Number of protein chains: 2
Amino acid sequence: MSLLLPEVNELLEEKDFDSLLALIQELSPVDIIELIESLSESSQITILNLLPLDIACDVFGHMESQDAVSFLKLLSEAKAVEILNEMAPDERADLFASLTEEEAQHFLKLMETEEAHDVVELVAYPPDTAGGIMTTEFAWIPAKLTVTKAIDFLRKEKHDFDFYQVHVVQEKKLLGIVSIRELITSSPNTLVEKIIQNIPTVPTDMDQEEVAGLIAKHDIMSIPVINQKEELQGVITIDDVVDVIEDEDTEDMQMFGGSAPLTRNYIDTNAFDVAKSRFPWLAILLLTSFVSGFVIQKFSTALQAMINLAVFIPVLLNCSGNAGMQAASVVIRGLATGEIKFTHIFKIIKKEFLIGILMGIGLGVLVALRSLPVEKSLVFGLVVGISMAIGIVIATIIGTILPIIFQKLKFDPALMSGPLLTTFMDMISLFIYFSIAVKMLGI
Amino acid sequence: MSLLLPEVNELLEEKDFDSLLALIQELSPVDIIELIESLSESSQITILNLLPLDIACDVFGHMESQDAVSFLKLLSEAKAVEILNEMAPDERADLFASLTEEEAQHFLKLMETEEAHDVVELVAYPPDTAGGIMTTEFAWIPAKLTVTKAIDFLRKEKHDFDFYQVHVVQEKKLLGIVSIRELITSSPNTLVEKIIQNIPTVPTDMDQEEVAGLIAKHDIMSIPVINQKEELQGVITIDDVVDVIEDEDTEDMQMFGGSAPLTRNYIDTNAFDVAKSRFPWLAILLLTSFVSGFVIQKFSTALQAMINLAVFIPVLLNCSGNAGMQAASVVIRGLATGEIKFTHIFKIIKKEFLIGILMGIGLGVLVALRSLPVEKSLVFGLVVGISMAIGIVIATIIGTILPIIFQKLKFDPALMSGPLLTTFMDMISLFIYFSIAVKMLGI
């Protein structure tokens, strides 16, 4: 992209708009956006005004909606309205969701009635539901046509968007789909209803993550969205699902890392706003970790009596936290992809209990051996080793169960973050460690 | 699915295979697989033999390849070969990759020559490259045809797979694509070369994660794979990319959680194998955490002199680890989605440095206040507060830089796992804490 920049700037300076347009038309929408973003504002205006309507619509459709709003405001009102009238309905609805109420009303009044109506309808759906991500542009045909008539029907509709499946509709109800391949390759007099295929559908209020899971599971290119009367309302295509999956996985990773998900791209969010999204979590975790401090305070006489106990505090806390994180990351991810279901809970707990015991014994032996040169006492070694083993087993189980419980309580399982888990485990491990030490060492 | 089970079992008992087939044909391939998996082996054989060839191919194509191999072995050799001849080339290649060398050779001899040749060609590509995930089934037309002739051309090919774009090819070289919508809606005498569209292509050896990123970035339904002579070798469709994205995100999450990614589904992996994938990491982390133990040993006289220093060990370690995890999770995810690039490194470090300072000061003040009732000393409060602030800043920076360095060294950034980070930070935080304490408190 950066390679093109000097050439574009030269053409802009020479005002050679024909060559400029020819150059830009070779680029994909995403590349055009990257180009525009690296130009000065006046050059941006020139290029946006130069773009043919269909390309401009594609370009605005591919922008982050806040960016689309800023660029839209650089254009003349007439041009902006022209683009809004022609954009893909789902992308246009996203853009409107980023306008202020006042701006939205202003543009709606200027737009064509049908288009404006469409915006109002789509914006009404919550953005993270099937209705919120569907497009109202889809190809459909009546069931009672022959294949040839169906192709004629499609040709007459003059759709200006790409479609991959054709929906068969009777009295507004969805009967199924027909693949374009079947339309083209079936013998001309075949009735559409003979080559109809069943396809899963989703209700308008289904959560977008669930929709993405369905499309991924069934390896289908699009899924129809229906209302309670089984009438076809829109279609979600797999390319939108890719965005949903990436966004949800980003959110999960940020939550698991222990911060509130950012509402914008990380790169575009300033340091202060990022800190604001992270600080509350850290502060809560800090307050929680004071409990670990209390445990040590409570046992400070014992610690004073045998200062070498302190040597294994970071070792024990670290290991139990790590074992918990390992289990939690697998379970959180399994819940997100749908591989792990609530019905698996006992099977999984049994499995993780076994894993915890296997690893706990191994690590317990290692840490006990390490303790011998520190405090030449077999009992001390046992204290450290046993504390380690118990800590690992508990951490593994907690790392497994809590995400599943969060899911059951309709929280996001990824909220059971690594930091939350290690903070919890600190308290538990310290308490186990000192209790065993006091008992076995008689201090 | 479980609702169907009694009905299916009844039909199997009554040997009413017509009704059984009618029932199964209504299901999607994934649902058929779930049904088969919940049946006894003899019922599995009955149903697999009952399936029409096209559905059987779909069903085998949707299975995990190890499962596909086991089910294939339940069938007669003739039936198995029939299915292998007709399966989608990319799914067939995956299945062959799970066969032993001997089994593969056996089946290849029985298959049709063209199909067998195709398998050998696809299996040769590493499984995580463009060549390894592409299919060799794609629709193509010559450039010098009219739209009507092009549709005739496609009809004569009698493709038995769904396609969404048609590739325009001249002397084996890819010129671009034409959408099916354009083919259907353009006026009949339009030349194909007039409606050709540019589309990004990928070389056969591109990493699958990079391919997935390109498709997601450009919102395209498929991407052509070309060799060094720019000849079209195959096509990767977006539904395969969804699987790649999910698998890579699962791997990232498991690595970030501090274990080696599992080669199979978690649910299907036994406790011993899971433990085997986790234990080495825990053991390495344990050995590393012994360094933290050394730090405490080194400062044990100071600790003995002021036992209340121990109260803030878990607090400081926990907080710096958490701050590091927050930064690392955002950066690892940003690198995975392509949002963060190596060129951003200085911008990001500056940002995270600022974030670290903001959060460090906030948390430092909180922990200093908490320390006052423990050890009634302003200097002690300063020691704890300053250690906290410095620890947070360092953790934030390390959590940011290390994943980027890992990426630069061609390791997976997610290897910079939460556990590795917290283990590192334990050492650093302890060293800072005790050094400051010894200096400022004169112990």
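Basis of the calculations
- Within each chain, residues carry numbers counting from 1 in the order of the written sequence.
- The lettering of chains begins at A and the numbering of ligands begins at 1, in the order of writing.
- Only residues with pLDDT of at least 70 are given local features in this predicted model, and only at 80 or more are side-chain atom pairs given and counted; all residues enter the totals for whole chains, interfaces and linings.
- In this description a helix means any DSSP run of H or I spanning at least four residues, a strand means any run of E spanning at least two, and both kinds are numbered starting from the N terminus.
- Our radius of gyration is a C-alpha quantity, and the globule rule it is checked against amounts to 2.2 Å times the number of residues to the power 0.38.
- Our contact criterion uses C-beta atoms placed from the backbone: two residues qualify when those atoms are within 7 Å.
- In the scheme used here, Gly and all other residues not listed as nonpolar or charged are polar, with Ala, Val, Leu, Ile, Met, Phe, Trp, Tyr, Cys and Pro taken as nonpolar and Asp, Glu, Lys and Arg as charged.
- Three exposure classes are used. Buried residues have 20 or more other C-beta atoms within 10 Å of their own C-beta, exposed residues have 12 or fewer, and partly exposed residues fall in between, all C-beta atoms being placed from the backbone.
- In this description, strands pair whenever DSSP reports at least two bridges between them.
- Residue ranges assigned to the domains are those given by an automatic or database domain assignment.
- To obtain an axis, a line is fitted to C-alpha atoms, over the contacting stretch when the element is a helix, and the angle between two such axes runs from 0 to 180 degrees between their N-to-C directions.
- Here is the rule for angles: anything less than 35 degrees is roughly parallel, anything more than 145 is roughly antiparallel, 65 through 115 is roughly perpendicular, and the remaining ranges are oblique.
- Handedness of a crossing is defined here by the sense of rotation of the near helix relative to the far one, left-handed for an anticlockwise turn of less than a right angle and right-handed for a clockwise turn.
- We call a crossover right-handed when, viewed with the strands running away from us, the connection from the first strand over the helix to the second turns clockwise.
- To estimate the expected span of a helix, subtract one from its residue number and multiply by 1.5 Å.
- We define the nonpolar core as any set of buried residues of the types Ala, Val, Leu, Ile, Met, Phe, Trp, Tyr and Cys, connected via C-beta atoms lying within 7 Å of each other.
- When the copies are superposed, the least-squares fit takes in the C-alpha atoms of residues with a pLDDT of at least 70 in both.
- The bend reported for a residue corresponds to the angle between axes fitted to the seven residues ending at that residue and the seven starting there.
- Note on scores: pLDDT gives the predictor's confidence for each residue, bounded by 0 and 100.

### So, the overall build of chain A
- Scanning chain A from terminus to terminus reveals 21 helices and six strands.
- Computed over C-alpha atoms, the radius of gyration of chain A comes to 30 Å, more than 25% over the 22 Å expected from 2.2 N^0.38 for 443 residues, which places it beyond the range of a compact globule.
- Summarising its shape, the C-alpha atoms of chain A cover approximately 90 × 60 × 40 Å along the three principal directions.
- A separation of at least 24 residues holds for 70% of the contacts in chain A among residues at least 6 apart in sequence.

### Some thoughts on the interface of chain A and chain B
- Taken together, the 100 residues of chain A in the interface contact 101 residues of chain B.
- For the side of chain A that touches chain B, the element with the highest residue contribution is helix α18 (residues 313-337) of chain A, accounting for 17 residues.
- Partitioned by chemical class, the residues of the side of chain A that touches chain B number 53 nonpolar, 31 polar and 16 charged.

### Structural notes on the pairing of strand β5 (residues 222-226) of chain B
Residues and elements named next belong to chain B.
- Here β5 lies mainly inside the structure; four of its five residues are buried.
- Across two bridges, the pairing between strand β4 (residues 202-203) and β5 is parallel. The partner of Pro 203 across the bridge, within β5, is Ile 226.
- Note: β5 against strand β6 (residues 232-237), five bridges, orientation antiparallel. Counted as the bridge partner of Pro 224 is Val 235 from β6.
- With antiparallel pairing between neighbouring strands as the criterion, β5 and β6 make up a hairpin whose turn holds five residues, including Glu 230 at a positive phi of roughly 65°.

### Observations regarding the domain arrangement of chain A
- Split into domains, chain A comes out as domain 1 (5-128), domain 2 (140-236) and domain 3 (271-441).
- Distance between the C-alpha centres of domain 1 of chain A and domain 3 of chain A: 51 Å.

### What to know about the packing of helix α16 (residues 271-298) of chain A against helix α19 (residues 345-374) of chain B
- In contact at an axis separation of 9 Å, α16 of chain A and α19 of chain B are set at 30° when each is read in the N-to-C sense. Between α16 of chain A and α19 of chain B, the angle is such that the two are roughly parallel. Crossing geometry of α16 of chain A relative to α19 of chain B is assigned as right-handed. Every residue of α19 of chain B that contacts α16 of chain A at Ala 271, Val 274, Ala 275, Arg 278, Phe 279, Leu 282, Ala 283, Leu 286, Phe 290 and Gln 297 of chain A is listed here: Lys 351, Leu 354, Ile 355, Leu 358, Met 359, Gly 362, Leu 363, Leu 366, Val 367, Arg 370 and Val 374 of chain B.
- Residues that form the contact of α16 of chain A with α19 of chain B fall into these classes: 16 nonpolar, two polar and three charged.

### Topic: unusual backbone geometry
- Phi is positive for Glu 171 of chain A, which is not a glycine, with a value near 45°.
- Tracing the chain through its elements places Glu 171 of chain A in the loop between β2 (165-170) and β3 (173-179).
- A tally of 8 C-beta atoms within 10 Å means that Glu 171 of chain A is categorised as exposed.
- Residue Lys 172 of chain B is not a glycine yet carries a positive backbone phi of 70°.
- As for its position among the elements, Lys 172 of chain B is in the loop between β2 (165-170) and β3 (173-179).

### Focus: the sheet that holds strand β4 (residues 202-203) of chain A
Residue and element names in this part refer to chain A.
- Spatial strand order, β4-β5-β6: three strands in an open sheet with mixed pairing. Two strands lie at the open edges of the sheet, namely β4 and β6 (232-237), each paired on one side alone.
- Against the sheet, helix α15 (residues 238-256) engages β5 (222-226) and β6, with an angle of about 65° to β6.

### As for the pairing of β2 of chain B
All names here are of chain B.
- Two elements, strand β1 (residues 140-142) and β2, share three bridges in a ladder whose sense is parallel. Looking at the pairing, Ile 141 lines up with Val 168 of β2.
- Handedness of the crossover joining β1 and β2 through helix α12 (residues 147-157): right-handed.
- Sheet topology places β2 next to β3; six bridges connect them, and they run antiparallel. By the bridge assignment, His 167 is partnered in β3 with Ile 177.
- Between β2 and β3, which pair antiparallel and follow one another directly, the connecting turn spans two residues, one of which, Glu 171, has a positive phi of 45°.

### Concerning helix α15 (residues 238-256) of chain B
Residue and element names in this part refer to chain B.
- Over its 19 residues, α15 extends 26 Å from the first C-alpha to the last, a length consistent with the 27 Å expected when each residue adds 1.5 Å.
- Among the 19 residues in α15, 15 count as buried, and that is most of the element.
- Once α15 ends, the next one or two residues include Gly 258, with phi positive near 95°.

### Some details on the nonpolar core
- Ranked by size, the top nonpolar core spans 131 residues in total, and within it Cys 319, Met 359 and Ile 392 of chain A together with Leu 282, Cys 319, Ile 332 and Ile 392 of chain B carry the most contacts.
- The contact partners of Cys 319 of chain A, leaving out residues within four places of it in the chain, are Leu 363, Met 388, Gly 391 and Ile 392 of chain A together with Leu 282, Leu 285, Leu 286 and Ser 289 of chain B.
- Counting residues in hydrophobic clusters, the runner-up holds 72 residues, among them Ile 238 of chain A together with Ile 141, Ile 223 and Val 242 of chain B.

### Quick look at the sheet that holds β1 of chain B
Residues and elements named next belong to chain B.
- What the three strands build is an open sheet, ordered β1-β2-β3; its pairing is mixed. Edge positions in the open sheet fall to β1 and β3, since each of these has one partner strand only. In this sheet, adjacent strand axes meet at a mean angle of 35° when their direction is disregarded.

### Describing the packing of helix α14 (residues 208-218) of chain A against α15 of chain A
Residues and elements named next belong to chain A.
- Viewed as axis vectors pointing N to C, α14 and α15 meet at an angle of 120°, and their least axial separation amounts to 9 Å. In this view, α14 runs oblique relative to α15, as classed from their interaxial angle. For α14 against α15, the interelement crossing comes out left-handed. Across the interface between the two elements, Gln 208, Glu 209, Val 211, Ala 212 and Ile 215 from α14 touch Ile 238, Val 241, Val 244, Ile 245 and Glu 248 from α15.
- Its residues assigned to classes, the contact of α14 with α15 shows seven nonpolar, one polar and two charged.

### Quick word on the relation of the copies chain A and chain B
- Aligned on chain B, chain A shows an RMSD of 0.1 Å; the corresponding rotation is 180° and the shift along the axis is 0.1 Å. Expressed as a symmetry operation, the mapping of one chain copy onto the other fits a two-fold axis.
- Same-surface contact between copies: 100% of interface residues of chain A are shared with the interface of chain B.

### Quick notes on α16 of chain A
Residues and elements named next belong to chain A.
- With 28 residues, α16 ought to run about 40 Å at 1.5 Å a step, and its terminal C-alpha atoms sit 39 Å apart, in line with that.
- The largest bend along α16 reaches roughly 35° and is located at Arg 278, with the proline Pro 280 sitting one to four residues downstream.
- Taken as a whole, α16 has its buried residues at Val 274, Ala 275, Arg 278, Trp 281, Leu 282, Leu 285, Leu 286, Ser 289, Ser 292, Gly 293, Val 295 and Ile 296.

### Concerning the environment of Ile 296 of chain A
- Tracing the backbone shows Ile 296 of chain A in helix α16.
- C-beta crowding within 10 Å serves as the criterion here: with 25 such atoms nearby, Ile 296 of chain A is assigned to the buried category.
- Taking the C-alpha atoms as reference points, Ile 296 of chain A and Met 63 of chain A, 233 residues apart in sequence, are found 53 Å from one another.
- With sequence-adjacent residues up to four places away left out, Ile 296 of chain A is seen in contact with Leu 303 and Leu 430 of chain A together with Ala 310, Val 311 and Pro 314 of chain B.

### Considerations on the environment of Ser 289 of chain B
- The topology assignment puts Ser 289 of chain B in helix α16 (residues 271-298).
- Each C-alpha atom, one on Ser 289 of chain B and one on Asp 426 of chain B, is 7.6 Å from the other, the two residues being 137 residues apart in sequence.
- Contact partners of Ser 289 of chain B, with chain neighbours within four places excluded, come to Pro 314, Val 315, Asn 318 and Cys 319 of chain A together with Thr 423 and Asp 426 of chain B.

### Some remarks on the confidence of the model for chain A
All names here are of chain A.
- Taken over all residues, the pLDDT of chain A has a mean of 89, while the share at 70 or more is 100%.
- Of all the helices and strands in chain A, helix α13 (residues 180-185) carries the lowest mean pLDDT, 80, while β4 carries the highest, 96.
- As scored by the predictor, the complex reaches a pTM of 0.77 and an ipTM of 0.77.

### Examining the environment of Asp 273 of chain B
- Structurally, the position occupied by Asp 273 of chain B is in helix α16.
- Asp 273 of chain B sits in the partly exposed class, given 14 other C-beta atoms within 10 Å.

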